[in-house]
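# Descriptive structure summary
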Amino acid sequence: MADEAYHRILLKLSGEALLGNEDYGIDPNMIHRIAVEIGNVTRLNIQIAVVIGGGNIFRGAGLAESGIDRVTGDHMGMLATVMNSLALQDALLGIGVDARVMSAISVHDVCEDYIRRRAIRHLEKGRVVICAGGTGNPFFTTDTAAALRAIEIGADIVLKATKVDGVYSADPALDKQAELFEELSYDRVIESKLGVMDANAVVLCRDQGMPIRVFSVFEEGNLGRLIKGEAIGTLVS
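The following refers to the structure shown. (Residues numbered from 1 in each chain as written. Predicted model: local features only at pLDDT ≥ 70, side-chain atom pairs only at ≥ 80, totals over all residues. Heavy atoms only, no water.)

It is worth spelling out unusual backbone geometry at this point. One non-glycine residue, Phe139, lies in the positive phi region at around 75 degrees. Looking at the element boundaries, Phe139 is found in the loop between β5 (128-132) and α5 (142-153). Phe139 gets classed as exposed once you look at its relative accessible area, which sits at 51%. (Helix = DSSP H or I, 4+ residues; strand = E, 2+ residues; numbered from the N terminus. Buried < 20%, exposed > 50% of the residue type's maximum accessible area, 1.4 Å probe, protein only.)

It is worth spelling out the side chain of Asn84 at this point. When you line up the elements, Asn84 lands in helix α3 (residues 70-94). What makes Asn84 buried here is its relative accessible area of 0%. Within polar-contact distance, the side chain of Asn84 engages the side chain of Asn56 at 2.7 Å. Setting aside chain neighbours within four positions, we find Asn84 in contact with Gly15, Leu18, Ile26, Ile31, Ile52, Gly53, Gly54, Asn56 and Ile57. (Polar contact = N/O pair within 3.5 Å; in protein donor to acceptor, adjacent residues only side chain to side chain. Contact = heavy atoms within 4.5 Å.)

Now for helix α7 (residues 199-208). Looking only at α7, the buried set comprises Ala201, Val202 and Cys205. For α7, the angular spread of the buried residues around the axis is 100 degrees, confining them to a single face. In this structure, the buried residues of α7 make contact with α5, β6 (157-162), α6 (186-191) and β10 (212-216). Sitting at the amino-terminal end of α7 is Asp198, which places a side-chain oxygen 3.0 Å from the backbone nitrogen of Asn200. In the segment just after α7, Gly209 is the residue with positive phi, at about 65 degrees. (Arc of directions from axis to C-beta.)

Written as structure tokens, this is what we have:
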């Protein structure tokens, strides 16, 4: 453990991270690669919990814009996170990594209920804990769920995996002069509306002193390098 920067981490994956080269759903090659990287981390005796979004299948806010009741749309989004979580669990089990899906909404036939002490016990036994169902409440994003779960389980840091390699001053796809920030304060992120995470999530992390590191999930090996202490992406603290 002397060479590792963290003991217990919370990895936040967007649903879009599972798309890979697909337009919808889950790219088997992408989820396998993510599972391998997570497995490599667990073999370093690092405890890892994962929160996955559902945007590759359903996004509650987007459904609400099309006329569906927002609460109904958010519940559909929660079910989408369960589907993604089960897929990641299967990918992990397929490479010999023990994993448990724990959901904030009750789906007893396919996964466990999220219970904080049980989740910590799974982590202590070396299992990957995949937290599904968001917070279990409508109007809260999976970013907020990630912040909440990280604080509850006593994680050292929230690692948010995104499509870009950190937080920029503007959209790097639209502005070639956009600046990549190496480090930001919570308040700067909130005041400048930099879109690192949902504002509720950033406030929750700020109030509890939970650092956030934003990095690219598409560069293979990034997760392992972060665990080793490399300053990849943007640190919010």
